[in-house]
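# Structural description and commentary
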Amino acid sequence: MVNHDNKNNNYRNNLNMNRELFVGPQQNVKPEWIDHNGHMNVAFYLVAFDEAIGSLFRFLGLDRKYREIHKVATYCGDFHIRYVRELHEDAPLKITTQLISCDEKRVHLCQSMFHENEGYLAAQSEVIYLHIDLRTKRVGPMEAELFARIKSMCEAHSALPKPSNLGRLIGKPNEING
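These lines cover the structure that appears in this document, whether it is placed above or below. Not measured: the values here are computed from a predicted model.

### Examining the overall build of the protein chain
- Looking only at helices and strands, the protein chain has 5 helices and 8 strands in total.
- Listed N to C, the secondary structure of the protein chain is β-α-β-β-α-α-β-β-β-β-β-α-α in terms of helices and strands.
- The 178 residues of the protein chain split such that 42% are buried.
- Residue pairs in contact within the protein chain that sit at least 24 positions apart in sequence constitute 69% of those at least 6 positions apart.

This is the structure:
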């Protein structure tokens, strides 16, 4: 896994060569994310995952400038979170992202959140983001250059093992297994 920042243009220019998960910037569990049980509140797992997605999108060029120039936005079409193990205040987080599939209008991805120092899996997410034309408020195609970068990363990530939470159903065991 490689930590990517917006200045790493060598990686951005060679996306098809990289078959490693995207690792967003390091975050820590903030005091305001702690609930009455003394651990990270469920709502803030989504916040941390979303911040990591924002980092990925900025890295790929789906940033404020792109959105303003092309009058577009990204909307979340579906977001599933699987909670695995609790996190506590100030715990260092490492969030990895794997692109699963994409087309000109959608990006499907999975994420894993780890306690960075202890290495355990704390949560996983599966998300579909929609590329929205703000003039019509409908799903619309990405600009070709942006889509090429996303598609290149998606193709590279297709060589990686599929995440265990991909397509996971929710329900009691007897409901899921028949």
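### Notes on the packing of helix H2 (residues 42–60) against helix H4 (residues 144–157)
- Between H2 and H4, the least distance of the axes is 10 Å, while the angle of their chain directions is 120 degrees. Accordingly, the angle class assigned to the pair H2 and H4 is oblique. Between H2 and H4, the contacting residues are Leu56, Phe59 and Leu60 on the first element and Leu146, Arg149, Ile150 and Met153 on the second.

### Structural notes on H2
- In a regular helix each residue adds 1.5 Å, so 19 residues correspond to 27 Å; H2 covers 28 Å between its end C-alpha atoms and thus fits that length.
- Among the residues of H2, those classed as buried are Tyr45, Ala48, Phe49, Ala52, Ile53, Gly54, Ser55, Leu56, Phe57, Phe59 and Leu60.
- Where H2 starts, the residue carrying a side-chain oxygen 2.9 Å from the main-chain nitrogen of alanine 43 turns out to be asparagine 41.
- Of the residues flanking the end of H2, it is glycine 61, one or two places downstream, whose phi is positive at about 105 degrees.

### Quick look at unusual backbone geometry
- One non-glycine residue, aspartate 90, lies in the positive phi region at around 70 degrees.
- Despite not being glycine, lysine 137 has its phi angle at roughly 60 degrees, a positive value.
- Note on placement: lysine 137 falls in the loop between strand S7 (121–133) and strand S8 (138–139).

### Some words on the packing of aromatic side chains
- For the structure shown, the criterion picks out 4 aromatic pairs.
- With a centroid separation of 5.4 Å and 50 degrees between ring planes, the pair formed by phenylalanine 22 and phenylalanine 59 is classed as tilted. Highlighted residues: phenylalanine 22 in strand S2 (residues 22–23) and phenylalanine 59 in helix H2, separated in sequence by 37 residues.
- When its relative accessible area of 1% is taken as the criterion, phenylalanine 22 is described as buried.

### Focus on the nonpolar core
- The biggest cluster of nonpolar side chains holds 36 residues, and the ones touching the most others in it are Met40, Leu56, Leu87, Leu99 and Met113.
- At 9 residues, H2 tops the list of elements feeding residues into this core.

Parameters at a glance
Residues numbered from 1 in each chain as written. Predicted model: local features only at pLDDT ≥ 70, side-chain atom pairs only at ≥ 80, totals over all residues. Heavy atoms only, no water. Helix = DSSP H or I, 4+ residues; strand = E, 2+ residues; numbered from the N terminus. Buried < 20%, exposed > 50% of the residue type's maximum accessible area, 1.4 Å probe, protein only. Contact = heavy atoms within 4.5 Å. Axes fitted to C-alpha atoms, helices over the stretch in contact; angles between N-to-C directions. Parallel < 35°, antiparallel > 145°, perpendicular 65-115°, else oblique. Expected span 1.5 Å × (residues − 1). Polar contact = N/O pair within 3.5 Å; in protein donor to acceptor, adjacent residues only side chain to side chain. Phe/Tyr/Trp six-rings, centres within 6.5 Å; stacked < 30°, edge-to-face > 60°. Core = buried A, V, L, I, M, F, W, Y, C linked by side-chain atoms within 4.5 Å.

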